[in-house]
Protein chains: 2
Amino acid sequence: MSAPTARGGRPREERVDAAILSATRELLVEGGYAGLTVGAVAARAGIGKAAIYRRYETKQEMVFAAAVHGLDLESPPDLGSLRAELEWLTEVIAATLSGPAVAGALGGLLADMSDDAVVSRMRETFVAHQRANVTAVLDRAVARGELTSRPDAAVVHAMLLGPVFAWLFVLREPGDVRGFAPTLARMAAAALSA
Amino acid sequence: MSAPTARGGRPREERVDAAILSATRELLVEGGYAGLTVGAVAARAGIGKAAIYRRYETKQEMVFAAAVHGLDLESPPDLGSLRAELEWLTEVIAATLSGPAVAGALGGLLADMSDDAVVSRMRETFVAHQRANVTAVLDRAVARGELTSRPDAAVVHAMLLGPVFAWLFVLREPGDVRGFAPTLARMAAAALSA
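Numbering of residues starts from 1 in every chain and runs along the sequence as written. By the order in which they are written, chains take letters starting at A while ligands take numbers starting at 1. Given that the model is predicted, a residue must reach a pLDDT of at least 70 before its local features are reported, and side-chain atom pairs must reach 80 or more before they are shown or counted; all residues, however, enter totals for whole chains, interfaces and linings. To get the side-chain values, take all heavy atoms of the structure and skip hydrogens and water.

The name an unreviewed UniProt entry assigns to chain A is AcrR family transcriptional regulator, from the organism Phytomonospora endophytica.

Caption draft 1: Region of the structure containing the packing of aromatic side chains. Two rings from Phe, Tyr or Trp (for Trp, the six-membered ring) form a pair when their centres sit within 6.5 Å of each other. Planes less than 30 degrees apart are called stacked, planes more than 60 degrees apart edge-to-face, and all others tilted. Under the counting rule described, the total for this entry stands at one aromatic pair over all chains. Relative to Phe-165 of chain B, the ring of Phe-165 of chain A lies with its centre 5.3 Å away and its plane at 25°, an arrangement referred to as stacked. One end of the pair, Phe-165 of chain A, is in helix α8 (residues 153-170); the other, Phe-165 of chain B, is in helix α8 (residues 153-170), on a second chain. Phe-165 of chain A sits in the buried class, given a relative accessible area of 1%. The positively charged end of Lys-59 of chain B is found above the aromatic ring belonging to Tyr-33 of chain B, 4.3 Å away from the centroid. Helical segments are the DSSP runs of H or I of at least four residues, strand segments are the runs of E of at least two, and each set is numbered from the N terminus. For every residue, the accessible area obtained with a 1.4 Å probe (protein chains only) is divided by the maximum for its type, and the residue is called buried under 20%, exposed over 50%, and partly exposed between those limits. Sitting over a ring, as applied to charges here, requires NZ of Lys or CZ of Arg to be within 6 Å of the ring centre and within 35 degrees of the ring normal.

Caption draft 2: The arrangement of the environment of Ala-128 of chain A in detail. Checked against the element boundaries, Ala-128 of chain A lands in helix α7 (residues 116-144). With relative accessibility at 37%, the residue Ala-128 of chain A sits in the partly exposed group.

Caption draft 3: Seen up close, the side chain of Lys-59 of chain A. Residues and elements named next belong to chain A. With respect to the element layout, Lys-59 can be found in helix α4 (residues 59-67). Only 3.0 Å separates the side chain of Lys-59 from the backbone oxygen of Leu-36, close enough to count as a polar contact. Note on definitions: a residue-residue contact is assigned when non-hydrogen atoms from the two residues lie within 4.5 Å. Apart from the residues within four sequence positions on either side, Lys-59 is in contact with Tyr-33, Ala-34, Leu-36 and Val-38. Counting of polar contacts relies on pairs of N or O atoms within 3.5 Å, with two restrictions inside protein: one atom must be capable of donating a hydrogen and the other of accepting it, and residues adjacent in sequence are counted only when both atoms are side-chain atoms.

Caption draft 4: Quick peek at the relation of the copies chain A and chain B. A residue counts toward the fit only if its pLDDT is at least 70 in both copies, and the copies are then superposed by least squares on the C-alpha atoms of those residues. For the pair chain A and chain B, the superposition axis carries a translation of 0.0 Å, the fit reaches an RMSD of 0.0 Å, and the rotation angle comes to 180°. Taken together, the rotation and translation relating the two chain copies correspond to the operation of a two-fold axis. In this assembly, 100% of the residues forming the interface of chain A have copies in chain B that are likewise at the interface, indicating an isologous arrangement.

Caption draft 5: Structural view of the nonpolar core. Ile-52, Leu-86 and Leu-97 of chain A together with Ile-52, Leu-86 and Leu-97 of chain B are the most contacted members of the largest nonpolar core, which has 130 residues in total. Not counting residues within four places of it along the chain, the set of residues in contact with Ile-52 of chain B comprises Ile-20, Val-38, Val-41, Ala-42, Ile-47 and Met-62 of chain B. Working definition of a nonpolar core: buried Ala, Val, Leu, Ile, Met, Phe, Trp, Tyr and Cys residues. They are joined through side-chain atoms within 4.5 Å.

Caption draft 6: Spotlight on the pattern of salt bridges. Residue and element names in this part refer to chain A. Whenever a carboxyl oxygen of Asp or Glu lies within 4 Å of a side-chain nitrogen of Lys or Arg, that contact is scored as a salt bridge. Summed over the entire model, instances satisfying the criterion amount to 18 salt bridges over all chains. In this structure, Glu-85 and Arg-144 form a salt bridge, with 2.5 Å as the shortest nitrogen-oxygen distance. Of this pair, Glu-85 sits in helix α5 (residues 82-98) while Arg-144 sits in helix α7, and the two are 59 residues apart along the sequence. Taking relative accessible area as the criterion, Glu-85 reaches 0% and is therefore assigned buried. With relative accessibility at 29%, the residue Arg-144 sits in the partly exposed group.

Caption draft 7: Region of the structure containing the side chain of Gln-130 of chain B. Residues and elements named next belong to chain B. Looking at the secondary structure, you find Gln-130 in helix α7 (residues 116-144). Judged by its relative accessible area of 4%, Gln-130 is buried. Side-chain polar atoms of Gln-130 contact the side chain of His-157, separated by 2.7 Å.

Caption draft 8: Representation of the UniProt feature "DNA-binding region" (unreviewed entry) in chain A in the model. UniProt positions are given in the numbering used here, feature names are shortened, and annotations may be inferred rather than shown by experiment. According to UniProt, the positions carrying the feature "DNA-binding region" (unreviewed entry) are residues 37-56 of chain A. Helix makes up 75% of residues 37-56 of chain A and strand 0%, and the two end C-alpha atoms of the span are 13 Å apart.

Caption draft 9: Summary view of the packing of α8 of chain A against helix α9 (residues 177-193) of chain B. Between α8 of chain A and α9 of chain B, the least distance of the axes is 11 Å, while the angle of their chain directions is 65°. Every pair of crossing elements has a handedness; the one defined by α8 of chain A and α9 of chain B is right-handed. Between α8 of chain A and α9 of chain B, the residues in contact are Val-155, Ala-158 and Met-159 of chain A and Phe-180, Thr-183, Leu-184 and Met-187 of chain B, respectively. By residue class, the composition of the contact of α8 of chain A with α9 of chain B is six nonpolar, one polar and no charged. Only the contacting stretch of a helix is used when fitting its axis, a line to C-alpha atoms as for every element, and angles between N-to-C directions run 0 to 180 degrees. Two helices crossing with the near one rotated counterclockwise from the far one by less than a right angle form a left-handed crossing, whereas a clockwise rotation gives a right-handed crossing. All amino acids are sorted into three groups, where Ala, Val, Leu, Ile, Met, Phe, Trp, Tyr, Cys and Pro are nonpolar, Asp, Glu, Lys and Arg are charged, and the leftover types, Gly among them, are polar.

Caption draft 10: Up close: the confidence of the model for chain A. Residues and elements named next belong to chain A. Taken as a whole, chain A shows an average pLDDT of 81; of its residues, 85% reach a score of 70 or greater. How sure the predictor is of each residue is captured by pLDDT, a score from 0 to 100. Per-element confidence in chain A is highest for helix α2 (residues 38-45), whose mean pLDDT is 96, and lowest for helix α6 (residues 100-111), whose mean pLDDT is 69. In this model, residues 1-7 is a region of pLDDT below 50 whose contacts with residues beyond four sequence positions or in other chains number one contact.

Caption draft 11: Molecular detail of the interface of chain A and chain B. Contacts between chain A and chain B engage 37 residues on the former and 37 residues on the latter. Each partner contributes to the roughly 3200 Å² buried at the junction of chain A and chain B, and carbon and sulfur atoms together form 78% of this total. At the surface where chain A touches chain B, the tally comes to zero salt bridges. Seen at the junction of chain A and chain B, the total is zero residue pairs in polar contact (both at pLDDT 80 or more). Those elements that place two or more of their residues in the side of chain A that touches chain B are α6, α7, α8 and α9 (177-193) of chain A. The element best represented in the side of chain A that touches chain B is α8 of chain A, accounting for 13 residues. Looking at the side of chain A that touches chain B residue by residue, the class counts come to 28 nonpolar, five polar and four charged. In this description, buried area is defined as the sum, over both parts, of the accessible area (probe of 1.4 Å) that is lost when the two are combined.

What follows is the structure in structure tokens.
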């Protein structure tokens, strides 16, 4: 149960949060990262720039929050096998990374990789959250007896995220990345069980 | 044997090629991608800008050639086993991507991923060359009887390149990526042999 609010709707601050994120996503899809400005987001969201700067120190942090953070808050369900759960994780990663807002933002964000604040926020949110999901799946596989010990979650995370990322952004394969996810998950399960 | 040249040294055009690439790499390491200009590269190389534009249509193409292309022209040696050769490939990829010029350029290049000329050049050079190496390793494993049929080289390439890329640029793991390469290669060999 969430806390009750004065008028039954969402509190104003939450509405502003949501308006900023959705305006950022719309502008990313329409025009990409390079031309996006905090002023344009404020105008689209119908708020002042100060409301944005109270939440995000930089454009990069705002874009990161809109494009990447919060897209996969679901925890992985127990699907009965390591392979099925790795497939679920890989499909979530593929869906996250192939969304239009992400495609518009990710290159620009990586270009700002010298910005320590963006890197910290990426590690604290996107990376930490996915890492926790990977850990949960590996722990369940150990509990089921599918694995004798838990592999390094950072390595497994890189094994799932990396190929999807490379497929989309580096190798630029023309095929649909979602068709690639089951193959990748099957290979990862085989690698971990070997 | 290379063709003889008039004065025993490298022909002038080759010297200019090399001067452009090395000036670009120096400036990438010193100042990163965003501030790098064709004019600064020309000045550092001691040539005119026209000599650069005869070779590369855009700054992006020049940076790509300097940072990525040509770093792994060696073909993978026959090391007697799929696992050893996958390890060799992964180490080459890790060394390529963790070089200082690449770290300075790659984010900026990915930010230009809407630039079709850069994407085409990346696919024709870096991707095609590494893909050929992956194919050679897989063919040898089939010839040795380690694999019953050749897996899709694009998938295997993504499995090797992707985690290294993610480790360095997305997950930003603090550990040395070269320690990660043997684990990744072992897992890939297990996945392919399963």
